[in-house]
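Summary of the model geometry
Next come the chains, spelled out residue by residue.
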Amino acid sequence: KAEDIKEYQTIIGSLLYRTLGTRPDIAFAVTKLAQFTSNPSEDHLKKARYICRYLVGTQDYCLVYDGASGGGLEAFADSDWGSDPNTRRSQSGYFFRLAGAAISWTSRAQRGVVTAVTDAEYLSLSECAKQAIWGRQILEEIGYDLSSIPIAGDNQGALFIANNPISSGRAKSIEIRDHYIREKVEEGKVEVFYIEGSENPADLLTKNLPRDKFETFRPAYGLQSLAALPAPLDASARD
């Protein structure tokens, strides 16, 4: 019905706004639902409303940055190979963390179809590297002298290709433009590291996760309930 389509489009528009600004935990779900704004089904509308209920239940959650104990700039990347049943495109997901919380995140379908898991993971690493260089340039413009930015991935084959600028059978299907990360690794501007797939928080940006795993990865983005944070000291206590 026309009114259902309008409601769906309104909900998705609002959710996209929140996804871009403060809620990386809903990025994957909202990105997927946004593909159906022109002709949503009843099930799509139910899922959109479910996300709204989730946000109501976690409305006191926010990104919490801690410059005193939080770490420096770091990134995590992942992909879900051939996850779209219609196009067979893989889903890329990566985010950057600074001072203990996410400052940038992306969840989107890759440009084309790839034929192997390693290719999908490598493309995700390369896309993440492009964002890393952009962020590096901004920080350098305001006076921060950065060493190489660490990017963590969970596919050994993709990390090998990124670290070794040689031709190999596993890299022949990857287009030249997607070898951007190799150049930046050689220049020392980014580094790639291995992380176990079960411990990679970027997994939250590539697929639907069971509730326990979702709640395990959510704090890695710096999302915390205000109720769980220690109360700030009042003026008299500070004096």
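Right, let's walk through the structure included here. Note that the structure is predicted; figures quoted are calculated from it, not measured.

**Some words on the overall build of the chain**
Scanning the chain from terminus to terminus reveals 8 helices and 7 strands. Counting the 239 residues in the chain, one finds 44% classified as buried. Counting only contacts in the chain whose residues sit at least 6 apart along the sequence, the fraction spanning at least 24 positions is 68%. Here the chain has roughly 13000 Å² of accessible surface; of this, 53% comes from carbon and sulfur atoms. Once the 27 positive and 32 negative side-chain charges of the chain are each reduced to a mean point, those two points are 6 Å apart.

**Observations concerning unusual backbone geometry**
In this model, R88 sits at a positive phi of 65°, which is unusual for a non-glycine residue. With respect to the helices, strands and loops of the structure, R88 is situated in the loop between strand 2 (74–80) and strand 3 (91–98). Located in the positive-phi region is A99, a residue other than glycine, with phi close to 55°. Here A99 lies in the loop between strand 3 and strand 4 (101–109).

**Side note on helix 5 (residues 156–163)**
If you check which residues of helix 5 are buried, you get G157, A158, L159, I161 and A162. The opening residue of helix 5, the one whose side-chain oxygen lies 3.1 Å from the backbone nitrogen of G157, is N155.

**A short note on the sheet that holds strand 6 (residues 190–194)**
Paired through their backbone hydrogen bonds, the strands of a sheet run either parallel or antiparallel. The sheet built from 5 strands is open, its strands ordered 4-3-2-5-6 with mixed pairing. Across the chains shown, the open sheet's two edge strands, defined by having one partner strand only, are strand 4 and strand 6. Strand-to-strand twist across the sheet, computed as the mean angle between neighbouring axes with direction ignored, equals 20°. Bridge count for strand 5 (residues 149–153) against strand 6 is 5 bridges, and the pairing is parallel. From the neighbouring strand, G153 faces strand 6, where its bridge partner is Y194. Strands in contact with helix 4 (residues 117–141) are strand 2, strand 3, strand 4, strand 5 and strand 6; relative to strand 3, the strand with the most contacts, it is inclined by about 35°.

**Structural notes on the pairing of strand 2**
A large share of strand 2 lies buried, amounting to 5 of its 7 residues. In the sheet, strand 2 pairs with strand 3 via 7 bridges, with the strands oriented antiparallel. Opposite D80, over in strand 3, you have Q91 as the bridge partner. Here strand 2 pairs with strand 5 via 2 bridges, running parallel. Within the sheet, the bridge partner assigned to F76 lies in strand 5 and is A152.

Calculation rules
Residues numbered from 1 in each chain as written. Predicted model: local features only at pLDDT ≥ 70, side-chain atom pairs only at ≥ 80, totals over all residues. Heavy atoms only, no water. Helix = DSSP H or I, 4+ residues; strand = E, 2+ residues; numbered from the N terminus. Buried < 20%, exposed > 50% of the residue type's maximum accessible area, 1.4 Å probe, protein only. Contact = heavy atoms within 4.5 Å. Areas by Shrake-Rupley, 256 points an atom, 1.4 Å probe, with all protein chains shown as cover. Lys, Arg positive; Asp, Glu negative; His and termini not counted. Charge placed at Lys NZ, Arg CZ, Asp CG, Glu CD. Polar contact = N/O pair within 3.5 Å; in protein donor to acceptor, adjacent residues only side chain to side chain. Pairing = 2+ DSSP bridges. Axes fitted to C-alpha atoms, helices over the stretch in contact; angles between N-to-C directions.

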